[in-house]
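Residue-level structure breakdown
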4 protein chains.
Amino acid sequence: MFSTLSPGALGLDLDHARAVELAAAHGFGGVDPDLGHLRSLGASGAAEHGAAVKEKGLQWGMAGLPIGLDAPAEEFRRALVDLPADLELLAAAGVTRLGTWIRPMHDELDHRQNWRLHQGRIALVAALLEDAGLRLGLEYIGPKTFWSTERFPFIHSLREARELIAETGARNVGLILDTYHWYTAGEDAEQLAGLTDADIVSVDLNDARADRERDEQQDLDRRLPFDTGVIDLDGFLRAVGAAGYTGPVKIEPFMATLAERPVDEVLSQISGLLDRAIAVGEQR
Amino acid sequence: MFSTLSPGALGLDLDHARAVELAAAHGFGGVDPDLGHLRSLGASGAAEHGAAVKEKGLQWGMAGLPIGLDAPAEEFRRALVDLPADLELLAAAGVTRLGTWIRPMHDELDHRQNWRLHQGRIALVAALLEDAGLRLGLEYIGPKTFWSTERFPFIHSLREARELIAETGARNVGLILDTYHWYTAGEDAEQLAGLTDADIVSVDLNDARADRERDEQQDLDRRLPFDTGVIDLDGFLRAVGAAGYTGPVKIEPFMATLAERPVDEVLSQISGLLDRAIAVGEQR
Amino acid sequence: MFSTLSPGALGLDLDHARAVELAAAHGFGGVDPDLGHLRSLGASGAAEHGAAVKEKGLQWGMAGLPIGLDAPAEEFRRALVDLPADLELLAAAGVTRLGTWIRPMHDELDHRQNWRLHQGRIALVAALLEDAGLRLGLEYIGPKTFWSTERFPFIHSLREARELIAETGARNVGLILDTYHWYTAGEDAEQLAGLTDADIVSVDLNDARADRERDEQQDLDRRLPFDTGVIDLDGFLRAVGAAGYTGPVKIEPFMATLAERPVDEVLSQISGLLDRAIAVGEQR
Amino acid sequence: MFSTLSPGALGLDLDHARAVELAAAHGFGGVDPDLGHLRSLGASGAAEHGAAVKEKGLQWGMAGLPIGLDAPAEEFRRALVDLPADLELLAAAGVTRLGTWIRPMHDELDHRQNWRLHQGRIALVAALLEDAGLRLGLEYIGPKTFWSTERFPFIHSLREARELIAETGARNVGLILDTYHWYTAGEDAEQLAGLTDADIVSVDLNDARADRERDEQQDLDRRLPFDTGVIDLDGFLRAVGAAGYTGPVKIEPFMATLAERPVDEVLSQISGLLDRAIAVGEQR
């Protein structure tokens, strides 16, 4: 696994060129690609940019999937019209991972209806991504304060996410594992047993507030890893290490305070936390 | 449809013989069978009792299914061991309807796991009931204050219940429709369109408190039909009438205050409310 | 229901303008739209053409869906890119029905994998069609000599087709019922019970060879309706009539000999057979 | 893995005591338990017998599941009534594996209906077995001459069998892998990738006739392993070895000629073939 700088996940407003510089300067192993930036470069520019990032010793993290999985049919269709151009740019730049999250509730579609919607659309998108050499990561969402807010709760556990992925029949779809969702879903290391590198597309590390019960935790109010100790990061990291995971690891705390501190100070802290976490995961 | 006296649903502690007398005296069209009573009578006694009830002009309502659909496997197996004796008694007495409810959440099994558990067990139970000439009614539960209390919400809408019934492949399984669940599930008359008599095993009529939002309603704190007008009973009854429903209609308010009033006064009121409701449903 | 001239189904090579003339001349109630012809007319031409056909007293039958449901992902995506232009033409002309068939076997995908492929893609296509006011008809294929020719048989019965349609959750998807598939699938009138007009998009009438067992019948070697009497057309038609079916009825015998006879003679015979059949279906 | 003497699989009519003697004499690593024999011994006798077999250096192979998974509901119920007594005997004797096969077609139930029947019943049976410390093995059947003989083909591939097992949610259910089914299903070593010891309950080794195409092979007309070389036994065994399989391996040729030869000669040959096969599987 390698540490990744994902400015968006940190709430930092950095343009992509600066993010690349800072990732290299602060010893990150990788940086998230920026699809908007690649679009501005065109295909040959994207290839050059990918080579330049690689030259700096950085790997690509994960780009955001430019498709809303549960969008209205015509909007989804239009995203498919536009998809090949983006996939070409991503492939040219050497990006291999795209990711999105699964909205854990719906006001109209019940669990089975929503499942079928997602299964069919993910299978189609995954096949198109596979043609371009890209993997798709799916993130399940854990907080009850989120999934219980509409008429029909949807996937909010690792097991459900794995079954959905299996049903797509796609070999290039895997999980985005976020400790915050894993914790709020009431899961522990046992749920992670049996995973392999092929099952994991990205890993997010976060801690949770110590002054709230699990079912009261808010999706957008997290803590930095190893801060409160509420989440069993060591157990999680050992399990991910046992899976032989080789991909990006980032921090996604949704803490507005990070953007208020000097960026170098923040990135130095983040990079250090990721190094510490990866050391736990790679212990034998 | 016909009005039915169900002492348990009214919170009244009446022995079965008295319930039969009172049902006849207060002009109910039917009375709920009491499996415990039938067990005490034996097969030939059950047949005589069924004939006697019929003689009084009463039809049978619905008995409770003596099996916990989501019980541990060994407990479920043991219930299957005992089932034929009960089915023989019920059939001897002329009972044709058994019912149970679907627990709308689970702390261990997620929606799909729980679905498979229910599908398999209901299919088996329904086949055994069919051999005995019995139908099985399933009640979905609507209040969010109920289905949101554990890790995994389960079926809490009419559409889900209908899909589950369809998947059992059984022709003798139908719905128990309760206005309280229909209302708290956020449903209206459109959801009832297309139902036929074969799809409905029993109907429960209730109203809801006027001082609570839909999502705040409590499963065990209801009101008598036509009391607050919160629930669109007329729309519901017209839809059930359009389905050609021929079965029992009862009231299940879970109001402790009923048991504190004189029983004849209560049953007179209940019988009158049911007559009023049935008149709405049978209008053309 | 109304009789429809479908030149392709009869193996006749008629250009569309002539097909319209002949349909009117021989007393058909409708004629199949020709998407290629509409494309050559453009949107305003399509609208004029639709009005002209209507003026002749003809209704539209069913156009072929210009999408291969089980095409490779990129081919399917490209068909979605092109779909809106076709839907605009069809809607302008007043066409309301599109149809396709379900390939009843696959050499790679087993039954469940193929089901998920179809479910997802049909749901998406149906939603796009619904936006354009179009219904989608799906035809299941019955002959065992067809579905048993690869590693994994797929849908080859009415019940499977109905479950697939239900799972798409689409209200604008229905069946193409063909007596040849109904017969070779081993079905009878009981399977048609409970269908409504909303469940049926098109009806095909054919008979089967008398010198072959059901499981030896070939998909492309059929007989004209009422020819051999092998297929219970009367039972089928009464069931379709009981469903209140209001759509197109055609003959699809795949008999090369029709194209060798004078076209007026053939169409006179076909129109007469359809009138006879519709009379059976509309008897009360 | 260890070689197992399964008289039934070899078509040999040996009483159980003699089978145990012969297994030990011919160097088998195990012998199949005989539920009928255990019933005749009672619980304490079964425990003694298990100890005696172990003393001879033999492990238990797999007993037959005394339940028809697709039996009529009342027959299935009655099997559940009788099950605990058998499970007690098997557990007392130290047996840990029970197995059955999945009938690969049905004349009434289509693929999805049959799937639901099997899913529900296997889940229930597996839970009851788990309480007794027993694992359940399921064998999928490959020959097209078998699965294509009724209206609705069912599971006839490894992937389908694995999905069914996953859907039961049971941790004590695994595969019975038979090279004959693996070959006739058109599978190769790739399909076996990723299996672990927990996924496999028993292994059967057979070869196929050289003078027939794959789709013409008959289920009951097989050859001894390594005989014709039609089946890639080495590829199969290496994959099973890579899975870390630790269970019984037997031969099930359904060749009537074996019973016509001297039993010691036959068992010597069988034991030698199994040793050869296991050596291939355990090569590193």
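Here, the structure is the one placed above.
Note that this is a predicted model, so its numbers are computed, not measured. Here the residue numbers are simple positions, counted from 1 along each chain's written sequence. Working convention: letters from A go to chains and numbers from 1 go to ligands, in the order in which they are written. With the structure being a predicted model, the display of local features is reserved for residues of pLDDT at least 70 and the display and counting of side-chain atom pairs for 80 or more, all residues being used for whole-chain, interface and lining totals. The basis for every side-chain value is the complete set of non-hydrogen atoms in the structure, without hydrogens or water.

Some words on helix 11 (residues 263-282) of chain B
The periodicity of an α-helix, 3.6 residues per turn, causes residues three or four positions apart to be oriented the same way. All names here are of chain B. Each helix is a run of H or I in the DSSP string that is no shorter than four residues. Each strand is a run of E no shorter than two, and both are numbered from the N terminus. Multiplying 1.5 Å by the helix residue count minus one yields the expected span of that helix. With 20 residues, helix 11 extends 28 Å from end C-alpha to end C-alpha; this agrees with the ideal 28 Å at 1.5 Å per step. Only protein chains enter the calculation, and the probe is 1.4 Å; a residue is then buried if its accessible area is under 20% of its type maximum, exposed if over 50%, and partly exposed in between. Val263, Val266, Leu267, Ile270, Ser271, Leu273, Leu274, Ala277, Ile278, Val280 and Gly281 are the residues of helix 11 that are buried. At its buried positions, helix 11 is contacted by strand 1 (2-5), helix 1 (7-10), helix 2 (16-25), strand 10 (200-205), helix 10 (233-242) and strand 11 (248-251). Every residue pair with non-hydrogen atoms within 4.5 Å of one another is taken to be in contact.

Regarding the sheet that holds strand 3 (residues 59-60) of chain A
Working definition: the strands of a sheet are paired by backbone hydrogen bonds and lie parallel or antiparallel to each other. Residue and element names in this part refer to chain A. A pair of strands is treated as paired once DSSP finds two or more bridges between them. Across the sheet, 9 strands lie side by side as 3-2-1-11-10-9-7-5-4; this open sheet has parallel pairing. The sheet is open, and its two edges are formed by strand 3 and strand 4 (63-64), each paired on a single side. Both strand 10 (residues 200-205) and strand 11 (residues 248-251) contribute to a ladder of 3 bridges, which runs parallel. Residue Val203 lies in a different strand from strand 11, and its bridge partner there is Val249.

A look at the sheet that holds strand 5 (residues 97-101) of chain B
Residues and elements named next belong to chain B. Ordered by their spatial adjacency, 9 strands build an open sheet running 3-2-1-11-10-9-7-5-4, and the pairing between neighbours is parallel. Only two strands of the sheet have a single neighbouring strand rather than two, namely strand 3 (59-60) and strand 4 (63-64). Sheet topology note: the strand 5/strand 7 (residues 135-139) ladder contains 5 bridges and is parallel. Paired with Gly99 across the bridge in strand 7 is Gly137. Interaxial angles span 0 to 180 degrees and are taken between N-to-C directions of axes, which are lines fitted to C-alpha atoms, for helices over the stretch in contact. Those strands touched by helix 7 (residues 158-168) are strand 7 and strand 9 (173-178), and its axis lies near 165° from that of strand 9. The sheet contacts of helix 10 involve strand 9 and strand 10, and relative to strand 10 the element is tilted by about 160°.

Describing the packing of aromatic side chains
Think of it this way: a Phe, Tyr or Trp ring, Trp meaning its six-membered ring, pairs with another when their centres are within 6.5 Å, and the plane angle makes it stacked under 30 degrees, edge-to-face over 60, tilted otherwise. Using the criterion set out here, one finds 8 aromatic pairs over all chains in the structure. Taking the centre distance of 6.1 Å and the plane angle of 35° together, the rings of A:Trp101 and A:Phe146 count as tilted. Remark: A:Phe146 occurs in helix 6 (residues 144-147) and A:Trp101 occurs in strand 5 (residues 97-101); sequence separation between them is 45 residues. Positioned over the ring face of C:Phe76 is C:Arg121, at 4.4 Å from the centre of the ring. Cation placement over rings: the criterion is NZ of Lys or CZ of Arg within 6 Å of the ring centroid and within 35° of the ring normal. If you follow D:Arg112 out to its NZ or CZ, it ends over the ring of C:Trp115, 3.9 Å from the centre.

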